[in-house]
Each structure stands twice: as C-alpha cells, then as structure tokens.
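A structural walkthrough
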Amino acid sequence: GQSLEQPSEVTAVEGAIVQINCTYQTSGFYGLSWYQQHDGGAPTFLSYNALDGLEETGRFSSFLSRSDSYGYLLLQELQMKDSASYFCAVNSNYQLIWGAGTKLIIKP
Amino acid sequence: SAVISQKPSRDICQRGTSLTIQCQVDSQVTMMFWYRQQPGQSLTLIATANQGSEATYESGFVIDKFPISRPNLTFSTLTVSNMSPEDSSIYLCSVIEGPDSNQPQHFGDGTRLSIL
C-alpha cells in the first residue's frame, strides 16, 4: 500500500526552531510537497522538493532524501501565527498522496 | 500563481437537498481536482475534473452522488447530491497550472458545508 507517516502533534516555543518529519512509501514518486492549514482555512502550498537536498523559502526550509524515502519541513524563528496543521504529500503518478497532518502548537 | 475562487465559501443545507460548488481560476490550468476534508482529517480526493469529458472518480465516490462538470480550462463545478449529515465537510478544488501533471497543486479557499 501507499502511506506517509508524520507526527500527529509537535509543540515548540515561540522563537525556536522545529522540524516536522515525513517518511513515505509510495508506488511512484515525483516530489514531496508541504502544505500549511490553519483551523477553518484551506491548505496553502509551502514548498516542493523533486530532488535531494534543501529548499529554503524565508523562515521555512524543506529537505528531501529520496534514497531514505524521507523529508522534513524546518520552521525557524517560530511565530504564534505558525500555529497550524502541516501536511506532507507525495506527488505520485499524477495524484497527491497525503499524510495525516502534524498539528504544530506554539507556546509563548 | 493562479487565483482560485470557490463559491460558496460556506453553506448550511437540509438533508436530501443538493448543492453545487463552483471553482473559477483566473488562468487556464492543466488539471483540476476536487477534494473532501472531514473534520480533523486529511484530504481525500473525490475526482479529477477532465475538460470536456467525464470526471475520473476515486474509489468510494460515484458520479450520481458527486456529479462534476468542467466545460473549459478555467472553471469546474462539484454537486453534492441528496445530502446527509455525513456529507458535512470542507470541499476543496485544486489546480495544477503547468503542463507537468506532477507539479504541486494549489487550492481554493474551500466550501464549508454543514448538513442539518
């Protein structure tokens, strides 16, 4: 079967750095996407890795290792507005296979 | 990236009725999708909306319950038919803009649907 694993919940302190991991097992792989979703909102695209390595966009970075079927999202200088759910999703054979999401709780 | 407008943003409906959700994109896009997200859950793909032909439905979703239209490259509708409380969810359309079908998807703001 196809599956993605990510932690259900992560807690961090404002101003800190947090890493959300994602491991995947899919029949096809074209890239790993990350989305942010605030309560009551729609998913917002954050980043996409098709090749191994680190992609940086402001305070957010995403990493991919295809040989390990593993990626992570790194959030730096955490702000209260970063409190949200974060989903990893694999682009596989023209579809997105979604993880269950990680709820990020930020404490002052 | 493309601007994706979804209407209505929310609705409260009576069981047994039907609701049509619209998704309008400000540019032509290669692919459009419809998802459902139940409270506290991840996203589930309902179908791929194909321009000029019948949608491609995922397992567990049928055309009679979720008819989809896509008359052109910028517009699609999803109808939720004969609604029951189990249909209470967020319904989302998403698009892939470029020719590569494995590029990231971008989402509209969603339709929050409650069935009484």
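Residues numbered from 1 in each chain as written. Chains lettered and ligands numbered in written order. Predicted model: local features only at pLDDT ≥ 70, side-chain atom pairs only at ≥ 80, totals over all residues. Heavy atoms only, no water.

1. Considering the pairing of strand β5 (residues 44–49) of chain A
All names here are of chain A. Looking at chain direction, strand β4 (residues 31–37) and β5 are connected through five bridges and run antiparallel. Within the sheet, the bridge partner assigned to W34 lies in β5 and is S47. Connecting the antiparallel pair β4 and β5 is a turn made up of six residues, with G40 showing a positive phi of about 80°. (Pairing = 2+ DSSP bridges. Helix = DSSP H or I, 4+ residues; strand = E, 2+ residues; numbered from the N terminus.)

2. Considerations on the state of the cysteines
Residue and element names in this part refer to chain B. Inspection of the entire model under this criterion finds two disulfides over all chains. Disulfide pairing is shown between C23 and C93; the S-S distance is 2.0 Å. Classification of the bridge connecting C23 and C93 rests on its S-S torsion, roughly 65°, and on that basis the disulfide is right-handed. Taken as a pair, C23 in strand β3 (residues 19–25) and C93 in strand β9 (residues 89–96) lie far apart in primary sequence, 70 residues in all. Accessibility expressed as a relative area gives 0% for C23, which makes it buried. (Disulfide = S-S within 2.5 Å. Buried < 20%, exposed > 50% of the residue type's maximum accessible area, 1.4 Å probe, protein only.)

3. Overview of the sheet that holds strand β1 (residues 4–7) of chain B
Hydrogen bonds between backbone groups are what pair the strands of a sheet, and the pairing can be parallel or antiparallel. All names here are of chain B. Strand order in the open sheet formed by four strands is β1-β3-β8-β7, and the pairing between neighbours is antiparallel. Looking at the sheet topology across the chains shown, the edges are occupied by β1 and β7 (68–72). Ignoring strand direction, the axes of neighbouring strands in this sheet form an average angle of 15°. Sheet topology note: the β3/strand β8 (residues 75–80) ladder contains six bridges and is antiparallel. Bridge pairing in β8 places L19 opposite V80. (Axes fitted to C-alpha atoms, helices over the stretch in contact; angles between N-to-C directions.)

4. A closer look at the sheet that holds strand β6 (residues 53–57) of chain A
All names here are of chain A. Overall, antiparallel pairing links the five strands, which are arranged β1-β3-β8-β7-β6 in an open sheet. Of all strands in the sheet, those with a lone pairing partner are β1 (3–5) and β6, marking the two edges. Going across the sheet, the axis of each strand differs from the next one's by a mean of 15°, ignoring polarity. As judged from the six bridges shared by strand β7 (residues 60–65) and strand β8 (residues 70–75), these two strands associate in the antiparallel manner.

5. Focus: the packing of aromatic side chains
All chains considered together, the criterion is met by twelve aromatic pairs over all chains. Seen from their ring centres, Y35 of chain B and F107 of chain B are 5.4 Å apart, and the 50° between their planes marks the pair as tilted. Taken as a pair, Y35 of chain B in strand β4 (residues 31–37) and F107 of chain B in strand β10 (residues 106–107) lie far apart in primary sequence, 72 residues in all. Accessibility expressed as a relative area gives 11% for F107 of chain B, which makes it buried. In textbook terms, an aromatic cluster arises when at least three aromatic residues are bridged by ring pairs, as seen for Y35, F45, F87 and W98 of chain A together with Y35 and F107 of chain B. (Phe/Tyr/Trp six-rings, centres within 6.5 Å; stacked < 30°, edge-to-face > 60°.)

6. So, the pattern of salt bridges
Residues and elements named next belong to chain A. Scanning all chains against the criterion turns up three salt bridges over all chains. Of the charged contacts in the structure, one is a salt bridge between D52 and R66, with a shortest N-O distance of 3.0 Å. Remark: R66 occurs in the loop between β7 and β8 and D52 occurs in the loop between β5 and β6; sequence separation between them is 14 residues. With its nearest N and O atoms 2.8 Å apart, the salt bridge here joins R59 to D82. Taken together, the residues R59 in the loop between β6 and β7 and D82 in the loop between β8 and β9 (84–92) connect sequence positions 23 residues apart. Comparing R59 with D82, the two get one shared label, buried. (Salt bridge = Lys/Arg side-chain N within 4 Å of Asp/Glu carboxyl O.)

7. Looking at the nonpolar core
Residue and element names in this part refer to chain B. The biggest cluster of nonpolar side chains holds 26 residues, and the ones touching the most others in it are W34, I46, F66, I68, L78, Y91 and L113. Of all the secondary-structure elements, those providing two or more residues to this core are β3, β4, β5 (44–49), β8, β9 and β11 (111–115). When residues in this core are grouped by element, the largest group, four residues, is from β3. The residues contacting I68, other than those within four sequence positions of it, are W34, A47, A49, A55, Y57, S76, T77 and L78. (Core = buried A, V, L, I, M, F, W, Y, C linked by side-chain atoms within 4.5 Å. Contact = heavy atoms within 4.5 Å.)

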